[in-house]
Amino acid sequence: SQQGEEDPQALSIQEGENATMNCSYKTSINNLQWYRQNSGRGLVHLILIRSNEREKHSGRLRVTLDTSKKSSSLLITASRAADTASYFCATAPNRDDKIIFGKGTRLHILP
Amino acid sequence: DVKVTQSSRYLVKRTGEKVFLECVQDMDHENMFWYRQDPGLGLRLIYFSYDVKMKEKGDIPEGYSVSREKKERFSLILESASTNQTSMYLCASSLWGGLRTEAFFGQGTRLTVV
């Protein structure tokens, strides 16, 4: 399988705390994206980071990319109840048109 | 806004039936994808298409086929449904491949095969 791996598989934190999720992938990439999935729904795009970028911000989201380690992290700052969801990283292995997702991290924000 | 529409939200079919899952996108996207999602396994790619009448196998194509006769429509076909194909099926589209642009997802079809 070409699937990447997110860790942890599940994460529970208090509202207001920061949440960090990690993604490791297996092949060289041009781009990496992160997606969110609310329970039982389709995925929604969060952020794209290109292989020549090391860090990218979007609102409360910060994504880093380390191509030498084939890994990426997603940081959500000042978490809110609405951030409760599953988070997936996506890669396009071997620079082709496939989009491969990892198994996801389930994030639960406690009130 | 880009819209990806899957024909059914919930579907119940009998073992051995031929099942069609339809997906339509309204933004002239080149690439379309079918995934299945199962607890603990994440999203697994079944098939994808990068142009009309073009298709490529993903990681788990066995038991499935696809059809893309028009650019906006990508159909997933279960030739003879089996209980191990009970799953959530997600369709997605993107303008370009290689993750150069974001993918847009449909709302999912929860298929139960009895």
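Rules used throughout
- Residues numbered from 1 in each chain as written.
- Chains lettered and ligands numbered in written order.
- Predicted model: local features only at pLDDT ≥ 70, side-chain atom pairs only at ≥ 80, totals over all residues.
- Heavy atoms only, no water.
- Helix = DSSP H or I, 4+ residues; strand = E, 2+ residues; numbered from the N terminus.
- Rg over C-alpha atoms; globule rule 2.2 N^0.38 Å.
- Buried < 20%, exposed > 50% of the residue type's maximum accessible area, 1.4 Å probe, protein only.
- Contact = heavy atoms within 4.5 Å.
- Areas by Shrake-Rupley, 256 points an atom, 1.4 Å probe, with all protein chains shown as cover.
- Lys, Arg positive; Asp, Glu negative; His and termini not counted.
- Charge placed at Lys NZ, Arg CZ, Asp CG, Glu CD.
- Pairing = 2+ DSSP bridges.
- Axes fitted to C-alpha atoms, helices over the stretch in contact; angles between N-to-C directions.
- Phe/Tyr/Trp six-rings, centres within 6.5 Å; stacked < 30°, edge-to-face > 60°.
- Core = buried A, V, L, I, M, F, W, Y, C linked by side-chain atoms within 4.5 Å.

Looking only at helices and strands, one finds zero helices and eleven strands in chain B. Across chain B, helices and strands are ordered from the amino to the carboxyl terminus as β-β-β-β-β-β-β-β-β-β-β. Compactness check: chain B gives a C-alpha radius of gyration of 13 Å against a globular reference of 13 Å for 114 residues, within 12% of the reference. Structurally, chain B occupies a C-alpha span of about 40 × 30 × 25 Å along its principal axes. Looking at chain B as a whole, 50% of its 114 residues are labelled buried. Contacts in chain B between residues far apart in sequence, at least 24 positions, make up 56% of those at least 6 positions apart. When the accessible surface of chain B is summed, it comes to about 5400 Å², and 51% of that surface belongs to carbon and sulfur atoms. The centroid of the 16 positive side-chain charges in chain B is displaced by 5 Å from the centroid of its 15 negative side-chain charges.

With that settled, the discussion passes to the sheet that holds strand S7 (residues 61-66) of chain A. All names here are of chain A. Taking strand neighbours across the sheet as the criterion, the five strands line up as S1-S3-S8-S7-S6 in an open arrangement whose pairing is antiparallel. With partners counted over all chains shown, the strands left at the sheet margins are strand S1 (5-7) and strand S6 (55-58), one partner each. Within the sheet, the average angular offset between the axes of one strand and its neighbour, ignoring direction, is 15 degrees. Inspection of the sheet shows S7 paired to strand S8 (residues 71-76) by six bridges, in the antiparallel sense. Among the inter-strand pairings, Thr-64 is bridged to a residue of S8, identified as Ser-73.

For the coordinates displayed, the defined rule picks out eight aromatic pairs over all chains. When the ring of A:Tyr35 is compared with that of A:Phe101, the centres are 5.3 Å apart and the planes differ by 70 degrees; the resulting orientation is edge-to-face. Separated by 66 residues along the polypeptide, A:Tyr35 in strand S4 (residues 31-37) and A:Phe101 in strand S10 (residues 100-101) bring together distant segments of the chain. For the pair formed by A:Tyr35 and A:Phe101, the shared burial category is buried. Grouping aromatic residues by their ring pairs yields a cluster made of A:Tyr35, A:Phe101, B:Phe33, B:Tyr35, B:Phe48 and B:Phe105.

Core analysis: the largest hydrophobic core is formed by 21 residues, its most contacted members being A:Leu32, A:Trp34, A:Leu74, A:Ile76, A:Tyr87 and A:Leu107. Elements with a minimum of two residues in this core: strand S3 (19-24), S4, strand S5 (43-50), S7, S8, strand S9 (85-91) and strand S11 (105-110) of chain A. If you look at the next biggest cluster of nonpolar residues, it comprises 20 residues, including B:Met32, B:Trp34, B:Tyr47 and B:Tyr89.

To continue, consider the sheet that holds strand S1 (residues 4-6) of chain B. All names here are of chain B. If you walk across this open sheet you meet the four strands as S1-S3-S8-S7, and the pairing is antiparallel. Of all the strands in the sheet, the pair left with one neighbour each is S1 and strand S7 (64-70). Mean inter-strand twist for the sheet, computed between neighbouring axes without regard to direction, equals 20 degrees.

Honestly, it's all geometry; don't read function into it.
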